[in-house]
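So the chains spell out like this:
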Amino acid sequence: MRKHSGCPEIPTIGIPFSVILLVACVACNSGTDPATGTEDEETTTPGGGGGGGGGGGGTGTGDPFGEVYEGGQFHLGPVDYAETEWHNACAPGGGYIPEIQAVEGVLLAGLWNGIPDVAGYCDACIQVTTEMGTEALLRVVTYGDTSTNSIDVSPEAFEILDSGEYPRAMSWQFAKCPDTGPVIYEFQTGSNEWWTSLWVRNARVPLARVEVSSENHDFVELTRGGDGTLTDNSGFGAGAFSIRLTGMDGQELVHDFDWPGGGIAGALLYGTDNFE
């Protein structure tokens, strides 16, 4: 029910915040869910989940690393590719394209937007462990307002994680994604040689830095936008270019490309490999 922080164009429902707080407090004190009395439908982030192939998540461990985010709950967003409630923060206006859905799968999550630089974690994976001991490896496709360290999830992820408990306490960490093929570069439809912007999809580890070397300059870091895009405001120039990825775990990848014959606008380019 809350507006996604990265999508100002999406309308909000005119419910006073004080009323929402009152309902939530009553439900928590009674041990019931604020939305339905049994299962929480009042969630936080725009979502993504109802389409695409299978490969993006799972029930096993994903080699988690970094900070453990504790004290939150998981909620049925729903987070889905159909965007049945909200637009997904990490996608263009038309949502995730089918080619990306197919490799990133339907086990999806939306993060609490209080995490610093949260848009930098678009398309990363998180390992979720509930207080009841269930686990799932989920792909981040959105973020928005919720309680500290809480997440929204897709219906498929909720089915794995939920044991009928309430509150649905859990912790999560960033984790290595499954191997579903190479890194994919999805360029914005407005990209050109003078202004070039893209999403990095399907990387197996969260990205610490993305740089480009092109005919316009040596390796320079791209600027991260609130929708997860990475932009070179001076443009790559209409020639060969290299993109260098640095993972949160220190791994590096460099992918080399020729300028697409049909132009860079809306192009989908595949790297030769992915992080280990």
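See above for the structure.
In this report, we go over the structure that sits alongside the text. Just so we're clear, the structure is a prediction, and the values are computed from it rather than from any experiment. (Residues numbered from 1 in each chain as written. Predicted model: local features only at pLDDT ≥ 70, side-chain atom pairs only at ≥ 80, totals over all residues. Heavy atoms only, no water.)

## Some words on the sheet that holds strand S1 (residues 65–76)
No. 1: If you trace the six strands once around the closed barrel, you get S1-S5-S2-S4-S3-S6, paired in mixed fashion. For this sheet, the mean angle separating the axes of adjacent strands, direction not counted, is 45 degrees.
No. 2: Two strands pair when backbone bridges link them, and strand S3 (residues 125–130) and strand S4 (residues 135–144) are joined in this way by five bridges, in the antiparallel orientation. Looking across to S4, one finds that glutamine 127 is bridged to leucine 137. (Pairing = 2+ DSSP bridges. Helix = DSSP H or I, 4+ residues; strand = E, 2+ residues; numbered from the N terminus. Axes fitted to C-alpha atoms, helices over the stretch in contact; angles between N-to-C directions.)

## Digging into empty space enclosed by the protein
No. 1: Tallied over the entire structure, the rule returns one cavity of 30 Å³ or more.
No. 2: Empty space within the largest cavity amounts to approximately 50 Å³.
No. 3: The class makeup of the residues in the lining of the largest cavity is seven nonpolar, two polar and two charged. (1 Å grid on protein atoms, 1.4 Å probe; cavity = no way out; pocket = protein on both sides within 12 Å on 5 of 7 lines; lining within 4 Å. Points joined across faces, edges and corners; volume = space filled by probe spheres on them. Nonpolar A, V, L, I, M, F, W, Y, C, P; charged D, E, K, R; others polar.)

## Here's the deal with the packing of aromatic side chains
Two aromatic rings, taken as a pair, are described by how far apart their centres are and by the angle between their planes.
No. 1: Within the structure shown, the criterion is met by 12 aromatic pairs.
No. 2: Taking 4.1 Å as the distance between ring centres and 10 degrees as the angle between the ring planes, the aromatic pair formed by tyrosine 69 and tryptophan 172 counts as stacked. Residue tyrosine 69 is located in strand S1, and its partner tryptophan 172 is located in strand S6 (residues 169–175); the two are separated by 103 residues in the primary sequence.
No. 3: By relative accessible area, tyrosine 69 is classed as buried at 10%.
No. 4: What links up through ring pairs into an aromatic cluster is the set Tyr185, Phe187, Phe236, Phe241, Phe257 and Trp259.
No. 5: The ring of phenylalanine 74 carries the charged tip of arginine 168 above its face, separated from the ring centre by 5.8 Å. (Phe/Tyr/Trp six-rings, centres within 6.5 Å; stacked < 30°, edge-to-face > 60°. Buried < 20%, exposed > 50% of the residue type's maximum accessible area, 1.4 Å probe, protein only. Lys NZ or Arg CZ within 6 Å of the ring centre and 35° of its normal.)

## Brief notes about the state of the cysteines
No. 1: Following the criterion strictly, the structure yields two disulfides and no others.
No. 2: Put simply, cysteine 90 and cysteine 122 are joined by a disulfide, and their sulfur atoms are 2.1 Å apart. On the sign convention where negative is left-handed, the bridge of cysteine 90 and cysteine 122, at about -75 degrees about the S-S bond, is left-handed. Of this pair, cysteine 90 sits in the loop between S1 and helix H2 (98–104) while cysteine 122 is found in the loop between strand S2 (108–112) and S3, placing the two residues 32 residues apart along the sequence.
No. 3: With relative accessibility at 1%, the residue cysteine 90 sits in the buried group. (Disulfide = S-S within 2.5 Å.)

## Description of unusual backbone geometry
No. 1: Here the bond from glycine 77 into proline 78 is cis, since omega is -5 degrees, no more than 30 degrees from zero.
No. 2: Tracing the backbone through its elements, the reader meets proline 78 in the loop between S1 and H2.
No. 3: Of note, the bond from tyrosine 166 into proline 167 is cis; its omega dihedral lies within 30 degrees of zero at 0 degrees.
No. 4: Among the secondary structure elements, proline 167 is positioned in the loop between helix H3 (155–161) and S6.
No. 5: You will see that asparagine 149, though not glycine, has its phi angle at about 65 degrees, which is positive.

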